[in-house]
Each structure stands twice: as C-alpha cells, then as structure tokens.
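The chain contents come next:
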Amino acid sequence: MNIAIVTGASSGLGKVFFEQLIKRYTSLDEVWIVARRLERLEELADKFSNRKIRVFSLDLSEPESFDTLSHSLETLKPTVKILINNAGFDRTGLFHKMKPQNIQAMINLNVMGMTLLNRICLPYMKRGSYEIITGSIGGFIPLPGSAVYSASKAYTRFLARALHEEEKSRGVNVMLLSPGNMDTEMLKRSEIHGKLSFLPYLDLQKETVKAMKKAEKGAAVYTPLAFYKAYRIFGKIVPSALAVKFTKVEIK
C-alpha cells in the first residue's frame, strides 16, 4: 500500500499541500492527514470522498501522539511515498515577555514533533519516496521579535540537510522548503508590521506544486521567489551579528 502523510493539514500551507497532492498523485492508495482540529480534517476528507483519506486528530507537540501514528504504520506496514512534514507553530513578541507555554509549544512542535515524525516515518520510505520539511526564511538569519521560532527553523534547516545526505543512498529524498510570507492563519497580513510587512507573499497553490516537482527531482532545498533566494544568500555571506540588525520583527 502506497500512502502520503501530510501534517498540519487542517489549514494554511498544509491544507494547500494536501489539496494539490490529491490532484497530482491519483494512484496513491491512501492519504493520511494529521492535525489537531478533527472537524476540519473531516471536512477535507468529505471534500475528496472519492479518495481514501485517513484522518488523525493528533497534537504533534505531545509525544504520545506519535504512539498512535507509529501503531498505524506498524499495523498496516505501508510504503510512505510522500511525507509533508509541515506542522508548525509561531508566536511573535519580545522573548522576556512571552508566555512560557508558548515558548514550550513552539519547541515541542517545531523541533521535537518535526524530528520524531521523521524517525517514525523514514523507515517506511523506500526508493522513489520523498519528504518535504517546512522550514522558513526565519532559519537563515536570527529574527529579534521571533527568536524562538527562528531558532527552531535553524534547527529544522540543519536536520533536513543532514537527513538529505543520510537518505540519499536509499533513494529517498529529503527536501527543505523555506517559504517567506504567507497569508495564512499562522501568519496574517494584518498582524505583521514593519520590515516584514513589505516582503512578497507567496502563491501557495503555485509554490506547493513547484515544491513537489523539486522534491521529485531530488532537490535538497527549495526557497520560493527570487527575493527570498537572495535573502538566503545574504544570510550565508553576511555575518549574523550584522545581518540580525536588518531582520527585526515589529509587532502591533
């Protein structure tokens, strides 16, 4: 049985990935969608009632959620052809004013959750399978005002690059997607002010398809739009102590 798994599928980038994936890969036996909000997942499954959609209402910031997913994989023993490792969480603000529970939630989901999902899914991926891990341009340069999120995405960037090399010999591709501004529930245009508000927004339908095409061809990284590609290069060649002065996030 060949399957795809999409996390963070109930809204935003994950929802668009799911919808585009369903259209692109018609031969998949099942698509597993994972998110906290059961009602939204069920709405998505009903929308594509002609396909076999398996719904997992799980909070991937909680370690016990992986027992449920791992048990399903162990029981059914599918081949994971596509893994969209997308679930993530962001809260902006000055670090010393942030709620400790929000700091913990970001670390639990963006770091622990993303990492454990790799651990339980990669053994079920075979030659020709691919994974897209959602990073962020925030992983290129530290972001004052979004320090924890930025740090979590720097971790994501390093892990994705290492896994790309590890899995290459098995014919499994791990690709890091580093998007910029997106008009989603997590990153609303109305809540972003200052420098970030002027950065270009992505066409999610277009960029999710591009990302899948890149991953199919074995790309290690994909950063949409010329502006963000230049930003990534800027982060490589300019010392972080200098670059960080240009990346402050301003919150209303």
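Residues numbered from 1 in each chain as written. Predicted model: local features only at pLDDT ≥ 70, side-chain atom pairs only at ≥ 80, totals over all residues. Heavy atoms only, no water.

## Concerning the overall build of the protein
Reasoning step 1: The secondary structure content of the protein amounts to 8 helices and 9 strands.
Reasoning step 2: Computed over C-alpha atoms, the radius of gyration of the protein comes to 18 Å, within 12% of the 18 Å expected from 2.2 N^0.38 for 252 residues, which places it in the range of a compact globule.
Reasoning step 3: Its C-alpha atoms put the protein at 50 × 35 × 30 Å along the principal axes.
Reasoning step 4: Residue burial in the protein is summarised as follows: out of 252 residues, 51% are buried.
Reasoning step 5: With the model as given, the accessible surface of the protein reaches about 12,200 Å², and the carbon-plus-sulfur share is 55%.
Reasoning step 6: For the protein, the distance from the average site of its 37 positive side-chain charges to the average site of its 24 negative ones is 8 Å. (Helix = DSSP H or I, 4+ residues; strand = E, 2+ residues; numbered from the N terminus. Rg over C-alpha atoms; globule rule 2.2 N^0.38 Å. Buried < 20%, exposed > 50% of the residue type's maximum accessible area, 1.4 Å probe, protein only. Areas by Shrake-Rupley, 256 points an atom, 1.4 Å probe, with all protein chains shown as cover. Lys, Arg positive; Asp, Glu negative; His and termini not counted. Charge placed at Lys NZ, Arg CZ, Asp CG, Glu CD.)

## Overview of the pairing of strand 4 (residues 79–85)
Reasoning step 1: Counting buried residues along strand 4, 6 of its 7 residues qualify, which places the element largely inside the surrounding structure.
Reasoning step 2: Bridging between strand 1 (residues 2–7) and strand 4 involves 5 bridges; their strand directions are parallel. Within strand 4, the position partnered with Ile3 by the bridge is Val80.
Reasoning step 3: As paired strands, strand 4 and strand 5 (residues 130–134) are joined by 4 bridges and run parallel to one another. Residue pairing for strand 5: Asn85 is matched across the bridge by Ile133.
Reasoning step 4: Handedness of the crossover is the feature at issue here: the chain leaves strand 4, passes through helix 4 (residues 100–121), returns alongside strand 5, and the resulting connection is right-handed. (Pairing = 2+ DSSP bridges. Right-handed = clockwise from strand over helix to strand, strands pointing away.)

## With respect to helix 1 (residues 12–24)
Reasoning step 1: Across its 13 residues, helix 1 extends 19 Å between first and last C-alpha, which sits within 8% of the 18 Å expected from 1.5 Å per residue.
Reasoning step 2: Those residues of helix 1 that fall on the buried side of the exposure criterion are Leu13, Gly14, Val16, Phe17, Phe18, Glu19, Gln20, Leu21 and Ile22. (Expected span 1.5 Å × (residues − 1).)

## Considering a negative patch on the surface
Reasoning step 1: On the surface, Glu39, Glu42, Glu43 and Asp46 cluster together into a patch of negative charge.
Reasoning step 2: Its location among the elements puts Glu43 in helix 2 (residues 38–47).
Reasoning step 3: On the accessibility criterion, Glu43 (54% relative accessible area) is exposed. (Patch = residues over 30% accessible without salt bridge, like charges linked within 9 Å, V, L, I, M, F, W, Y side chains within 5 Å. Salt bridge = Lys/Arg side-chain N within 4 Å of Asp/Glu carboxyl O.)

## Side note on the pairing of strand 2 (residues 30–35)
Reasoning step 1: With respect to burial, strand 2 is a largely interior element, 6 of its 6 residues being buried.
Reasoning step 2: Residue alternation in strand 2 divides its side chains into two sets, Glu30, Trp32 and Val34 and Val31, Ile33 and Ala35, and both sets are buried.
Reasoning step 3: Inspection of the sheet shows strand 1 paired to strand 2 by 5 bridges, in the parallel sense. Across the sheet, residue Ala4 finds its bridge partner in strand 2, namely Val31.
Reasoning step 4: Where the polypeptide runs from strand 1 across helix 1 and back to strand 2, its parallel neighbour, the crossover connection is right-handed.
Reasoning step 5: Relative to strand 3 (residues 53–57), strand 2 runs parallel, the two being bridged by 5 bridges. Bridging across to strand 3, Val31 finds its partner in Ile53.

## Regarding the packing of helix 3 (residues 65–76) against helix 4
Reasoning step 1: Axis separation between helix 3 and helix 4 bottoms out at 10 Å; the angle between their running directions is 15°. Taken together, the axes of helix 3 and helix 4 lie roughly parallel to each other. Classified by chirality, the crossing of helix 4 by helix 3 is right-handed. Contacts between helix 3 and helix 4 involve Phe66, Leu69, Ser70 and Leu73 from the first element and Met112, Gly113, Leu116, Leu117, Ile120 and Cys121 from the second.
Reasoning step 2: Within the contact of helix 3 with helix 4, the residues separate by chemical class into 8 nonpolar, 2 polar and no charged. (Axes fitted to C-alpha atoms, helices over the stretch in contact; angles between N-to-C directions. Parallel < 35°, antiparallel > 145°, perpendicular 65-115°, else oblique. Left-handed = near helix turned anticlockwise from the far one by under 90°. Contact = heavy atoms within 4.5 Å. Nonpolar A, V, L, I, M, F, W, Y, C, P; charged D, E, K, R; others polar.)

## Looking at helix 2
Reasoning step 1: Considered for burial, the residues of helix 2 that qualify are Leu41, Leu44 and Ala45. In an axial view of helix 2, the angular spread of the buried residues amounts to 100°, which keeps them on one side of the axis. For helix 2, the exposed residues set more than 90 degrees away from the buried face come down to Glu43, Asp46 and Lys47.
Reasoning step 2: On its buried face, helix 2 is in contact with helix 1, strand 2 and strand 3. (Arc of directions from axis to C-beta.)

## Some thoughts on the nonpolar core
Reasoning step 1: Grouped together as the largest cluster of nonpolar side chains are 39 residues, with contacts concentrated most on Phe17, Phe18, Leu21, Val31, Ile33, Ile82 and Ile132.
Reasoning step 2: No other element matches the 6 residues that helix 1 contributes to this core.
Reasoning step 3: Once residues lying within four places of it in the same chain are set aside, the contact partners of Phe18 are Val6, Val31, Ile33, Leu44, Phe48 and Ile53.
Reasoning step 4: Membership of the second largest hydrophobic core comes to 34 residues, among which are Phe56, Leu83, Met106 and Met125. (Core = buried A, V, L, I, M, F, W, Y, C linked by side-chain atoms within 4.5 Å.)

Keep in mind these values describe shape, not function.
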